[in-house]
Every structure is written in structure tokens, then in C-alpha cells.
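Descriptive analysis of the structure
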Amino acid sequence: MEKRVNSILHKGKRIIYGDYSNLHAGDFISIIEQQEAMSLQSPEKNLLHLLNFTNTKMDDAAKQRANQMVANLQTKGYSVKTACFGIEGIQRIIAGAVKRDMHFGKSMDDAK
């Protein structure tokens, strides 16, 4: 399985980076699971997620699994602030439905 989730540092803050670029439909699920697993390993309860949605096509199953991840994290006492980039059109609407307070950046640096 390709590793597309890792931890990066930005201005002294740890960010869980999920690279969803060039994925379509069912490919999302395993990456969401990687992101959830890394998030649950964090000793910090206030999480920062940065997501790359460049050239992606998310479907309803991925949206449901992303909603489940957010709910699982909240149930375990985590709060999540999410920013993303590389997304437009209907995909932006789907992503916004998963996390209503998501920040949409034009680039990775803008999203950070």
C-alpha cells in the first residue's frame, strides 16, 4: 500500500498531511484509514490536517468514510482543523460537506 499520509512541521506546528492527489473513487478509503490511524496516534488532541485534492474524484463512499473518520476522532476527544488545496467544482462542495469549517487554499503554502 502506498504511503500517502505523513507528518510535517510548519511554524513549529505538527500537521498531518494527506496526499489524495490523482485518486479516484475507491482509492480514497485506504488513505482516509491511514490518516485516521496517524491522527489517533497523536499525543496532541488538537489536530491540524492538510489535504491535497489535486486532480481527484471523491465519491459518496469516500465522503461517508471521511465523515466516519471525523466522528471517530471527535468521539475520542480530538478536535480537527482542516485545510486543503487543489480542489474545485463539485469536489469542493463534497469536501465542504464533510468538514464545514474547512479552509480552501489555492496552493499548499496558502493552505498551511
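Residue numbers restart at each chain and count upward from 1, following the sequence in its written direction. For a predicted model such as this one, the threshold for reporting local features is a pLDDT of at least 70, and the threshold for listing and counting side-chain atom pairs is 80 or more; totals across whole chains, interfaces and linings nevertheless cover every residue. As a convention, hydrogens and water are excluded, and side-chain values are obtained from all of the structure's heavy atoms.

Section: the overall build of the chain
- Runs of H or I in DSSP of at least four residues are treated as helices and runs of E of at least two as strands, each being numbered from the N terminus. Along the backbone of the chain there are four helices and five strands.
- Listing every helix and strand of the chain by position from the N terminus yields β-β-α-β-α-β-α-β-α.
- Computation of the radius of gyration draws on C-alpha atoms alone. For the globule rule, the value is 2.2 Å times the number of residues to the power 0.38. The C-alpha atoms of the chain give 13 Å as radius of gyration, which agrees with the globular expectation for 112 residues (13 Å, within 12%).
- Across its three principal directions, the C-alpha atoms of the chain cover 35 × 30 × 30 Å.
- Exposed residues in this analysis have more than 50% of their type's maximum accessible area, buried residues have under 20%, and partly exposed residues fall in between, with area computed by a 1.4 Å probe over protein chains only. Among the 112 residues that make up the chain, the fraction classed as buried is 45%.
- Contacts between residues were defined by any pair of non-hydrogen atoms, one from each residue, lying within 4.5 Å. In the chain, the proportion of contacts linking residues at least 24 apart, taken out of those at least 6 apart, comes to 69%.
- With an accessible surface of roughly 6300 Å², the chain has 50% of that area assigned to carbon and sulfur atoms. Under the convention used here, a 1.4 Å probe and the Shrake-Rupley method define accessible areas, while residue burial counts only the protein chains that appear.

Let's talk about the pairing of strand E4 (residues 79-85)
- When you tally the buried positions in E4, you get five out of seven residues, the bulk of the element.
- As defined by bridge partners, strand E3 (residues 46-52) adjoins E4 across seven bridges and the pair is classed as parallel. Its bridge partner being in E4, Leu50 is matched across the sheet by Ala83.
- Viewed with both strands pointing away, a crossover whose connecting path from the first strand over the helix to the second turns clockwise is right-handed. For the crossover that starts at E3, traverses helix H2 (residues 60-75) and ends in the parallel E4, the hand is right-handed.
- Pairing between strands is defined by DSSP: at least two bridges between them are needed. Sheet topology note: the E4/strand E5 (residues 103-105) ladder contains three bridges and is parallel. Within E5, the residue paired with Phe85 across the bridge is Gly105.

What about the packing of helix H1 (residues 27-40) against H2?
- Geometry is summarised by axes, namely lines fitted to C-alpha atoms with helices restricted to the contacting stretch, and by angles between N-to-C directions that run from 0 to 180 degrees. Taken N-terminus to C-terminus, the directions of H1 and H2 make an angle of 10°; their axes are 9 Å apart at the nearest point. Here H1 lies roughly parallel to H2, going by the angle between them. Contacts between H1 and H2 involve Phe28, Ile29, Ile32, Glu33, Gln35, Glu36, Ser39 and Leu40 from the first element and Ala61, Ala62, Arg65, Ala66, Met69, Asn72 and Leu73 from the second.
- Residue type decides the class: Asp, Glu, Lys and Arg count as charged, Ala, Val, Leu, Ile, Met, Phe, Trp, Tyr, Cys and Pro as nonpolar, and the leftover types, Gly among them, as polar. Classifying every residue of the contact of H1 with H2 by side-chain character gives nine nonpolar, three polar and three charged. Orientation is classified from the angle alone, with under 35 degrees giving roughly parallel, over 145 giving roughly antiparallel, 65 to 115 giving roughly perpendicular, and any other angle giving oblique.

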